[in-house]
Amino acid sequence: MEFRIISRKAFPLLSRERVNVETTFQNMPTPKKDDIKKALSSFLKAEENLLSIRHIYTNFGESKAKIIANIYNNAANLELLEKKKVKKEKKAKAAKQAK
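Attention in this report is confined to the structure presented alongside it.

## Let's talk about helix H1 (residues 33–44)
The end-to-end C-alpha distance of H1 is 16 Å, a good match for the 16 Å that 12 residues give at a rise of 1.5 Å each. What H1 keeps buried is the set Ile36, Leu40, Ser41 and Leu44. For H1, the buried positions fall inside an angular range of 125° around the axis, keeping them on one side. For H1, the exposed residues lying more than 90 degrees away from the buried face are Asp34 and Ser42. On its buried face, H1 sits against strand E1 (2–11), strand E2 (16–24), strand E3 (51–58) and strand E4 (64–72). Positive backbone phi, approximately 55°, marks Lys45, located one or two places after H1.

Structural data, given as structure tokens:
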């Protein structure tokens, strides 16, 4: 995967930096979020646990994607500002156990 930084913007009040990146992936399907996170963290020289992928935009038939990611200054701000994703199955099990 090759990356090209489109823009970088600092948000000092939120202790994070937003990065817009364009990536190309020739002769491959769209990479998974975890693979992009690992490659992007090494490209940006940021810690992987402080990087959050917000969106991955692709166009049909093209081998490139636009990625919007946030790089946080510390783990406390990451946990405070980012939503935790819970699968529907886990929510259903928790609801059944609560009844």
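Structure shown, so let's carry the discussion forward.
## Things to note about a nonpolar patch on the surface
Taken together, the side chains of Leu13, Leu14, Leu80 and Leu81 define a hydrophobic patch exposed on the protein surface, amounting to about 440 Å² of accessible area. Mapped onto the fold, Leu13 is located in the loop between E1 and E2.

## As for the environment of Asn70
Locating Asn70 in the fold gives a position in strand E4. Spatially, the C-alpha atom of Asn70 lies 5.1 Å from that of Ser52, the residues being 18 residues apart in sequence. Other than its neighbours up to four places away in sequence, Asn70 contacts Arg16, Glu17, Arg18, Leu50, Leu51, Ser52, Arg54 and Glu82. A distance of 3.1 Å separates a polar atom in the side chain of Asn70 from a polar atom in the side chain of Arg18.

## So, the layout of surface pockets
Think of a ball as big as a water molecule: rolled over the atoms, this probe shows where empty space is left. Put simply, the largest pocket is a space of about 510 Å³. Contributing to the lining of the largest pocket are 14 residues, with Ser52, Ile53, Glu82, Lys83 and Lys85 lying nearest its centre. Every element with two or more residues in the lining of the largest pocket is listed here: H1, E3 and helix H2 (75–81). A per-class count over the lining of the largest pocket returns three nonpolar, two polar and nine charged.

## Some points on the pattern of salt bridges
This model, assessed by the stated rule, comprises three salt bridges. Two residues, Glu22 and Arg4, come together in a salt bridge whose shortest N-O distance is 3.3 Å. Here Glu22 is found in strand E2, whereas its partner Arg4 is found in strand E1, with 18 residues between them in sequence. Across the salt bridge formed by Arg54 and Glu82, the nearest N and O atoms sit 3.0 Å from each other. Taken together, the positions of Arg54 in strand E3 and Glu82 in the loop between H2 and helix H3 (88–98) put the pair 28 residues apart, joining distant regions of the chain. For Arg54, a relative accessible area of 37% corresponds to the partly exposed category.

Rules and cut-offs
- Residues numbered from 1 in each chain as written.
- Predicted model: local features only at pLDDT ≥ 70, side-chain atom pairs only at ≥ 80, totals over all residues.
- Heavy atoms only, no water.
- Helix = DSSP H or I, 4+ residues; strand = E, 2+ residues; numbered from the N terminus.
- Expected span 1.5 Å × (residues − 1).
- Buried < 20%, exposed > 50% of the residue type's maximum accessible area, 1.4 Å probe, protein only.
- Arc of directions from axis to C-beta.
- Contact = heavy atoms within 4.5 Å.
- Patch = residues over 30% accessible without salt bridge, like charges linked within 9 Å, V, L, I, M, F, W, Y side chains within 5 Å.
- Areas by Shrake-Rupley, 256 points an atom, 1.4 Å probe, with all protein chains shown as cover.
- Salt bridge = Lys/Arg side-chain N within 4 Å of Asp/Glu carboxyl O.
- Polar contact = N/O pair within 3.5 Å; in protein donor to acceptor, adjacent residues only side chain to side chain.
- 1 Å grid on protein atoms, 1.4 Å probe; cavity = no way out; pocket = protein on both sides within 12 Å on 5 of 7 lines; lining within 4 Å.
- Points joined across faces, edges and corners; volume = space filled by probe spheres on them.
- Nonpolar A, V, L, I, M, F, W, Y, C, P; charged D, E, K, R; others polar.

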